[in-house]
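Chains, contacts and geometry: an overview
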Amino acid sequence: MTATASAPAPAAPDGEPGPGRPRRGLRFPSAYTVLAAVTVVVWGLTFVIPPGRYDTEDGAPVPGTYHSVDLTQGFGSRLKDLFLSPVNGLYGVTDAHSGLTAPGGNGQFAGAAGVFLFVLAVGAFITVTLRTGALTSGVARLAARLRRHRTLLLVVLLTLFSLGGTTYGMAEETLGFYGLMIPLMLKLGYDRMVGATVIMVGAGVGTLASTVNPFATGVASDSAGIGTGDGIVLRLLMWAVLTAVAAVYLVRYADRVFADPSHSLIAPTPEDEELKSAGGTAGPLPARQRLVLAVFGATFLFMIFAVIPWADLHITFLPTLGWYFPELAALFVVAAVAVGLIAGLGEKGTANAIVAGAGDFIGAALIIMLARGVTVIMNNASVTDSILNGLHSVVSGTSSGFFAVLMFLVNMPLAFLVPSSSGHAALAMPILAPLADFAGVSRSLVVTAYQSASGWVNLVTPTSAVVMGGLALSKVRYDRYLRFVAPLMGILLVAVTGFMVLGAVVM
């Protein structure tokens, strides 16, 4: 036996054992285990945090009305809440009288069924397109043309996703782009982390610095009693600076991986080489494949058009369709059928591809369901308002500069507990916005602080369907993503704190 043959195999870049090397006993748990642990921990904390509620008016809490409440649920009912949390996360309904969320009944729908079906529909659409061969061939052709302009492509893509985040809060909609971005980045010589974070960090930073995002800035401004345009100059400056910071950060990592793949934070998956070589010919595409790609691109463009509230942006020549996840799910199902028929897959081939695609994406859909279940547990235990009341006590009576920074900081735990930006805004702004009057700062600064905290936390929170679903689709482990994004989170934290102080001084 030669010396080369007996040498131990090197470890994979992310610490995974190389071929022939014994596997370590300790591994970071899967996203499902992380969310299950978060669910149990949050459920346990509901026994420690005193229950309480604000009175509400038009669905928003009324300042000064917080009061303790006695839970009518016994231990058995609360244990049942824990047991049913995934089900409630999918199709729970909040009763209008009791405020409790449970399967069935009458009231406001609280589950994530719309997002769940949207993810499955996107999976069906991506898989049908992949089976036509058009997507892999098109990605190969695009990679060949842009190989000498890789850095520019990364900056442009991240900026586009950031624009989606700052204008309309692009979040769950990004889940449809991972199937396209991962193969493209692999073909350009990068890794899956680059493909995942150009989407996740791009849209996340844009949402952090929302300018006219109706789901964050719009809801919060309305709840604070100000116009959406109040404070937009500061938010535009934040968006430009923070997007540039994120682009530089991503490009630096991508360049290191391109120069030396051993610098990658993740180990390559068995299918990476197949994705890199698939559709390797960069020659002209057949007419049928060009038509498939046209439908593919048009579907995503129409999705973006359909969800943007053009009227709220004062763009009157474009109609506001007001589509949400039910309509988007139907869009992708119809588009999947159209692509299959155009490509000649036939009825059976198209149907099989749709079923297979939904199955491939079921993991990400389940993560979304689990994440929503955590929020239901807190609401049923009446602890969300108690946490909000505690935050209100922290920021009372401070100076303007310190107040602005505190507003950013105290919104962080609330953002973790309420991942929905609009839900967070509707809950917190009626309580926190009036505090700005006593601190001598503009209420718009409170709005900016809230949305910055929400965006910052939602870049990493395991209760976010966007984060956990995107990582599942990218096949990037959560701990590796945290290792990648941690330095950027620190930079963003310092930058946003500086903007808060600047806003307190000039606004």
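Above this text you will find the structure in question.
Residues numbered from 1 in each chain as written. Predicted model: local features only at pLDDT ≥ 70, side-chain atom pairs only at ≥ 80, totals over all residues. Heavy atoms only, no water.

**Some details on a nonpolar patch on the surface**
- Taken together, the side chains of V41, L45, F47, V48, F75 and L79 make up a nonpolar region of the molecular surface, amounting to roughly 590 Å² of accessible area.
- Of all elements in the fold, only α2 (31-45) and α3 (75-91) reach the threshold of two or more residues within the nonpolar patch.
- Along the chain, the position of F47 falls in the loop between α2 and β1 (52-53).
- Of the residues examined, F47 reaches a relative accessible area of 39% and is grouped as partly exposed. (Patch = residues over 30% accessible without salt bridge, like charges linked within 9 Å, V, L, I, M, F, W, Y side chains within 5 Å. Areas by Shrake-Rupley, 256 points an atom, 1.4 Å probe, with all protein chains shown as cover. Salt bridge = Lys/Arg side-chain N within 4 Å of Asp/Glu carboxyl O. Helix = DSSP H or I, 4+ residues; strand = E, 2+ residues; numbered from the N terminus. Buried < 20%, exposed > 50% of the residue type's maximum accessible area, 1.4 Å probe, protein only.)

**Topic: the packing of helix α17 (residues 400-417) against helix α21 (residues 478-506)**
- Closest axis-to-axis distance for the α17/α21 pair is 8 Å, and the angle between their directions is 140 degrees. On the basis of the axis angle, α17 is oblique to α21. In this structure, α17 crosses over α21, and the sense of that crossing is right-handed. Facing α17, whose interface residues are S400, G401, A404, V405, F408 and M412, α21 presents L493, V496, T497, M500, V501 and A504.
- When the residues that make up the contact of α17 with α21 are grouped by side-chain class, the tally is 9 nonpolar, 3 polar and no charged. (Axes fitted to C-alpha atoms, helices over the stretch in contact; angles between N-to-C directions. Parallel < 35°, antiparallel > 145°, perpendicular 65-115°, else oblique. Left-handed = near helix turned anticlockwise from the far one by under 90°. Contact = heavy atoms within 4.5 Å. Nonpolar A, V, L, I, M, F, W, Y, C, P; charged D, E, K, R; others polar.)

**Here we look at the sheet that holds strand β7 (residues 108-109)**
- Sheet architecture is open: 3 strands sit in the order β6-β5-β7, paired in antiparallel fashion. The sheet is open, and its two edges are formed by β6 (101-103) and β7, each paired on a single side.
- Pairing analysis gives 2 bridges linking strand β5 (residues 92-94) to β7, with the strands arranged antiparallel. Counted as the bridge partner of T94 is Q108 from β7. (Pairing = 2+ DSSP bridges.)

**Quick word on the nonpolar core**
- Counting residues in each nonpolar core, the largest one holds 149 residues, and the members touching the most others are F118, M185, M238, F403, Y481, F484 and M500.
- Counting residues per element, this core draws most heavily on helix α10 (residues 232-259), which supplies 12 residues.
- With near-sequence residues (within four places) excluded, F403 lies in contact with V395, T398, L435, A436, A439, V441 and V446. (Core = buried A, V, L, I, M, F, W, Y, C linked by side-chain atoms within 4.5 Å.)

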